[in-house]
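# Remarks on the overall topology
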Amino acid sequence: MSVYEGEVSHKKGLGKTRMVTATDNLTFALAFGVSGSIGQFYSNQKIGMLELLGEGSHAEVAVNPMDMARLDELEFAKSHPHAVVSYPALATALEYNYGTELQYLTKSINPTWSYQTLTDNERSKVIKVLLGEQSIEEVRAETAGNDESNGTERLSDSLKRLGPSLVVEREGQVGGVPYRLTARGTTSFKITDNAQVVTIRARNGFSGQVLGNASAAGTKYRDQFKAIKEFVTDSKAYRIDHEYQYSKSLSTPDVLEAVRGELLHDLNAMIEQAQIAISGEFEELEPYNPAGAKAALWRELNLTVGDVPQTRLDEKALRAYADQEITALQFADMPENGLVEKINKAVVKRLDTADVDAITEQKVDLLIQNRPKADREQMTAQVRALVQKSLGQLADQLGNAATFSESYENYRSPNQQLVDKVLVGISADDIVADERSEAKGNHSNQLRLMLAERVQIQYHVFLHKNNIDSPFTHFEIIDDVVDDYYGPLKNDLETYYDFNSIDEVMECVQTVSDDTLQKAMDRRYPVSQVMGQARADILTQYAGSLDIEQIVDSVSDDFAGMMDLYHKYCQTDNSNTNEETTMEIDQATVSDLFSQALEEQIAPVVEDFKVENKITPGSVFDQSGIAEGIAQREADMGLDDLQAELKETSEEPNEAIPTYVQENYDRDYLYMKVENMYDLEDMMDDARNELVLELDNTEAYASKVDDWRPYVQRVTEVSEMMTYLKDADGLPQFVETYAPEALN
C-alpha cells in the first residue's frame, strides 16, 4: 500500500495541472471517506488511483506513480486526523505495514489481547493510540470491562474483516463474448452461540460482467449478445449461502482459519457452477460475436471507446482476429479498418482541449528566470501567441501520422509529453525576435486593412462611373488590386518609416493616388467578357428581333453604351438575393433535420443510461432536455461536415440525414456524451447525501448507528446506490448488505 503526492494533468485541459494526494489501496481510501475503482491502466501510461482530501467522495484519478513522491501512510494519517471518517477501515489498512507496532500497543493495553481478533471498536482505539490521539492509559481504562472469554462480538467483527479479503475471479468466453466472474466473501455473517457449538451463516457475493455492448454487435448478433449478458450477470443464480459449525473449544484464530478455508471452497464452487451453467446454456452458439471481438480487440490494443469509436470496421478482418488468424496489431495496420485515422483524430482532439493559458504559464516561468527584468505581462502575450501557433503545427503533424505504430505512440503519450512537444520549439530567441518584429507585424496588419478600405471605396466609384451593376460587379477585383499594391507598400513601410504611430501607416497608404487605383481597376476589369455576356443576355431576351440585334451591334465597341442597353432591355431582378435566401432556408432546414435526427438517435441512449444507472424518471436525479441539448451542440459542430456530405449524394436531405447520423454517431460516442451531461461523480455525492439523510430520518435506523456515512461510502456504483433510493425496500436492503450489525 502506498500514498502518492504530486502534480497530475487536469482531465479537462491539456497542460493544466493540479496537486493531488492519492492511494492505491481501497481500504485506506475508505478510511478517508473515498471509494471507487483502482488499477485501471490508461492509454497515456497512467494508472487509476483514488484521490484523498479531494472535493468528491467518488474520486478516481489517473496518475503516473513514477512522477509522484511516495508518502508514509501512517505519517499521512497523523497529519490529517480530522479527515479520518472510519477508524475500523484505517485499522485494517495499516495492519499490513504496521502489524508489529499495532500488536505491541495491543499487548501494552491488555496482555491477553491479540490485535487480529479484537472488535472493530477495540482496534479503532489501538489505532488512536498509534496516531497519538489517545494514551494507552486512557484506552486501558475505557476497555477495563472487556472480557476475552466473551468473544462473540470479536468473532463477528473478525469475520466481517475476513470476508471482503477473499476474492476469486475467473475469465471465460461464450458465443464470442468475453466475460469475467467474481465471487467474494461477505460482510454479512449471522452467529448463533450455544453451549456446544458456534454456528456461522454466511451469504457470499457473486457478480458477472461481459465485455462490450449490444450496440457494437450489429443487428444479426445483438439479441445473442443481450441474452449472454443477461445470463452471465444474474448474480442471484449462482450465489451459495452456507452454514458452518465449529466447536466452542476452538479459539477465535482457529475458527477464522477454518472459515477462510470453507469460504474459499464455496467461492470457487460458485465460479465453477456459473461457468458450467453458462457453457451449457449457449453451447449451440457459434464462437463469434462482433461486440465481443471489438471489446477484446480494444482491450488488447488498450484503446478507449470514448476516444476511438468501434465503427466502420471490416467484418472479414474482425472475424479473422476473433478466429486468431491475425493479431491485433495486424488488424490495426489494415487500412480498411481506419484505426490510424481514428486515433489521429483522438490525438488532435486532445490538443484541441489544451489549456493555452496553463501551457503559456509553464513556458513563461522558465523564460522569466533568465530575463528577470522583462515585462511578464508582455512576455505572456507573446508566448501565448507562439503556443497557439505551436499547437496548430503539432496538431497538423500528429494528425497526419501514417502508420498505426506512429499514431498509437502519439495516442499513448502522457499529457506532459505532448505539452513538452508544444513548448520545445519556443525559445528565448523567439521572444526577442517577436519583440523586435511586433511593431512591424502590427503595422503591417493595419497597412493591409487601410489599403483594402481605400481600394473598396475606389472600386465602388469605378462601378458607378461606368454604370456597372449586378451581375457584372466582379468584386474579386478588390482583393486583386490590394494584392498588387500591398507588397510594395509593405516594403516602403519597413524601409522608410520608424513605426512610431499609426499615422505613418496612413501616410504610406496615401502614397498611392486615387487615379492610380482607378487605372489599376481599368486594367483588371474584364471588359470583353462582360460585353459579350451583356450582348448574349440582351439577344436571348429578344430572340429573333433583327432591330435589337442591329442596336446591339451598333455599340459593340462602346462599353458604356452596352451597359446602357443592358439596363434598358434586361430588367435587373433579385435573383442573387433570392438565391441567397433559398440557400439560407435550405441550410436552416438541413440544420433542423440534423438536430431532429440526432435527438432521435440520442433519446434511446439517454433512456438506456437511466435504466443502467437506475435513475427513476421524475426523481431529483433525473434531468430533462438531455437529448435535445446534446443534439443541438453536436449539430452546431457537425453541420459543415454534413453539408459537404450532402453535396456528394443525390438523396433528399430528409432521407440522407438520418442515414448519415446512424453511420457517424454510434452509441458508444453518444453514451459518453450523455454520461458527461449527467456527471456521475456529482450524482454519486448527491445520492450518498440523500441516502444518509433517509437513514437518519428513519426511526428504525436512526438510533442504530451514530454516523451512517462510512457505511454509505462503501457503495461505489451509481446504479446500486439508486436501487437503495428507489422505494421503501431500498433502506432495508442497504442495511442488510452493508451494515447487518445494525439489525442485531
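Below is a summary of the structure that appears in this document. (Residues numbered from 1 in each chain as written. Predicted model: local features only at pLDDT ≥ 70, side-chain atom pairs only at ≥ 80, totals over all residues. Heavy atoms only, no water.)

## Considerations on the layout of surface pockets
In this structure, the second largest pocket encloses a volume near 960 Å³. Every element with two or more residues in the lining of the second largest pocket is listed here: helix 13 (339-352), helix 26 (626-647), helix 27 (653-664) and helix 28 (667-678). Top element by residues in the lining of the second largest pocket is helix 13. It accounts for 7 residues. Each residue belonging to the lining of the second largest pocket can be placed in one class, and the counts come to 7 nonpolar, 5 polar and 12 charged. (1 Å grid on protein atoms, 1.4 Å probe; cavity = no way out; pocket = protein on both sides within 12 Å on 5 of 7 lines; lining within 4 Å. Points joined across faces, edges and corners; volume = space filled by probe spheres on them. Helix = DSSP H or I, 4+ residues; strand = E, 2+ residues; numbered from the N terminus. Nonpolar A, V, L, I, M, F, W, Y, C, P; charged D, E, K, R; others polar.)

## Let's talk about a negative patch on the surface
A cluster of acidic side chains, namely Asp640, Asp641, Glu645, Glu648 and Glu663, defines a negative patch on the protein surface. Here the negative patch gets 3 residues from one element, more than from any other, and that element is helix 26. With a relative accessible area of 46%, Glu663 lands in the partly exposed category. (Patch = residues over 30% accessible without salt bridge, like charges linked within 9 Å, V, L, I, M, F, W, Y side chains within 5 Å. Areas by Shrake-Rupley, 256 points an atom, 1.4 Å probe, with all protein chains shown as cover. Salt bridge = Lys/Arg side-chain N within 4 Å of Asp/Glu carboxyl O. Lys, Arg positive; Asp, Glu negative; His and termini not counted. Charge placed at Lys NZ, Arg CZ, Asp CG, Glu CD. Buried < 20%, exposed > 50% of the residue type's maximum accessible area, 1.4 Å probe, protein only.)

## Examining the nonpolar core
Counting 81 residues, the largest nonpolar core has Ile200, Phe331 and Val387 as its most contacted members. Considering each element in turn, this core owes the most residues, 9 residues, to helix 9 (residues 252-281). Other than its neighbours up to four places away in sequence, Val387 contacts Val356, Ile359, Thr360, Val422, Leu423 and Ile426. (Core = buried A, V, L, I, M, F, W, Y, C linked by side-chain atoms within 4.5 Å. Contact = heavy atoms within 4.5 Å.)

## Considerations on the sheet that holds strand 2 (residues 17-23)
Spatial ordering of the open sheet is given by 4-3-2-1-5, a layout of 5 strands whose pairing is antiparallel. Unpaired on one side and paired on the other, strand 4 (60-63) and strand 5 (69-71) mark the two borders of the sheet. For this sheet the average axis-to-axis angle between neighbouring strands, irrespective of direction, equals 50°. Summarising the sheet, strand 2 and strand 3 (residues 47-52) pair through 3 bridges and their orientation is antiparallel. Of the residues in strand 3, the one forming a bridge with Thr23 is Leu50. (Pairing = 2+ DSSP bridges. Axes fitted to C-alpha atoms, helices over the stretch in contact; angles between N-to-C directions.)

## Notes on the sheet that holds strand 10 (residues 205-210)
The 3 strands lie next to each other as 6-7-10, forming an open sheet whose pairing is antiparallel. Here the strands that pair on one side only, and so sit at the sheet edges, are strand 6 (167-174) and strand 10. Neighbour to neighbour, the strand axes of the sheet diverge by 15° on average, direction disregarded. As paired elements, strand 7 (residues 177-184) and strand 10 share 6 bridges and run antiparallel to each other. Counted as the bridge partner of Arg180 is Gln209 from strand 10. The strands that helix 8 (residues 218-232) touches are strand 6, strand 7 and strand 10; relative to strand 10, the one it contacts most, it runs at about 165°.

## What to know about the packing of aromatic side chains
For the structure on display, the rule yields 21 aromatic pairs. Feature note: the residues Tyr459, Phe462, Phe475, Tyr525 and Phe559 constitute an aromatic cluster, connected by ring pairs. Across the ring face of Tyr87, the terminal group of Lys128 is positioned such that the distance to the ring centre comes to 4.7 Å. Above the ring of Tyr288, the side-chain terminus of Arg319 is found at 3.9 Å from the ring centroid. (Phe/Tyr/Trp six-rings, centres within 6.5 Å; stacked < 30°, edge-to-face > 60°. Lys NZ or Arg CZ within 6 Å of the ring centre and 35° of its normal.)

## Some remarks on the side chain of Asn337
The residue Asn337 is located in the loop between helix 12 (328-333) and helix 13 in this model. Within the local environment of Asn337, its side chain forms a polar contact with the backbone nitrogen of Asp314, the two atoms lying 2.8 Å apart. For Asn337, the side chain forms a polar contact with the main-chain oxygen of Phe331, separated by 3.1 Å. Non-local contacts of Asn337, meaning those with residues more than four positions away in its chain, are made with Arg312, Leu313, Asp314, Ala317, Phe331 and Lys342. (Polar contact = N/O pair within 3.5 Å; in protein donor to acceptor, adjacent residues only side chain to side chain.)

## A look at the environment of Leu447
Within the secondary structure, Leu447 is located in helix 18 (residues 428-465). We classify Leu447 as buried; its relative accessible area is 0%. Non-local contacts of Leu447, meaning those with residues more than four positions away in its chain, are made with Tyr486, Leu489, Lys490, Leu493, Val505 and Val509.

## Observations concerning the packing of helix 32 (residues 718-726) against helix 33 (residues 730-738)
Relative to each other, helix 32 and helix 33 sit at 130°, their axes nearing to 6 Å. When the interaxial angle is binned, helix 32 and helix 33 end up oblique. Contacts from Glu720, Thr723 and Tyr724 in helix 32 reach Gly730, Leu731, Gln733, Phe734, Thr737 and Tyr738 in helix 33. Each residue belonging to the contact of helix 32 with helix 33 can be placed in one class, and the counts come to 4 nonpolar, 4 polar and 1 charged. (Parallel < 35°, antiparallel > 145°, perpendicular 65-115°, else oblique.)

## Concerning helix 5 (residues 120-131)
With 12 residues, helix 5 extends 16 Å from end C-alpha to end C-alpha; this agrees with the ideal 16 Å at 1.5 Å per step. When helix 5 is considered as a whole, its buried residues turn out to be Glu122, Arg123, Ser124, Lys125, Val126, Ile127, Val129, Leu130 and Leu131. Packing partners of the buried residues in helix 5 comprise helix 2 (73-79), helix 3 (87-93), helix 4 (95-109), helix 6 (136-142) and helix 7 (152-162). (Expected span 1.5 Å × (residues − 1).)

## Considering the environment of Val85
Its place among the elements puts Val85 in the loop between helix 2 and helix 3. What makes Val85 partly exposed here is its relative accessible area of 35%. Expressed as a C-alpha distance, the spacing of Val85 and Gly33, which sit 52 residues apart in the sequence, is 5.8 Å. Look past the residues within four positions of Val85 in its chain and what remains in contact with it is Leu30, Ala31, Phe32, Gly33 and Pro710.

## Comments concerning the pattern of salt bridges
If you walk through the whole model with that rule in mind, you get 19 salt bridges. In this structure, the salt-bridge partner of Glu409 is Arg412, at a minimum N-O distance of 3.7 Å. The class for Glu409 is partly exposed, based on a relative accessible area of 41%. Asp608 is the salt-bridge partner of Arg667, the closest N and O atoms lying 3.6 Å from each other. Here Arg667, found in helix 28, pairs with Asp608, found in helix 25 (residues 575-612); they are 59 residues apart in sequence, far enough to count as distant. The exposure class of Arg667 is buried, given its relative accessible area of 18%. Salt bridges linked by common partners bring Glu171, Arg180 and Arg299 together as one network.

## So, helix 14 (residues 356-370)
Here helix 14 spans 22 Å end to end across 15 residues, near enough to the 21 Å set by a 1.5 Å rise per residue. Taken residue by residue, helix 14 has Val356, Ala358, Ile359, Thr360, Lys363, Val364, Leu367 and Ile368 as its buried positions.

## Thoughts on the packing of helix 10 (residues 290-301) against helix 11 (residues 315-322)
At a minimum axis distance of 10 Å, the contact between helix 10 and helix 11 shows a crossing angle of 70°. It follows that helix 10 is roughly perpendicular to helix 11 by the angle criterion. Where helix 10 approaches helix 11, its residues Pro290, Ala293, Lys294, Ala296, Leu297 and Glu300 are matched on the opposing element by Glu315, Leu318, Tyr321 and Ala322. Tallied by class, the residues present in the contact of helix 10 with helix 11 amount to 7 nonpolar, no polar and 3 charged.

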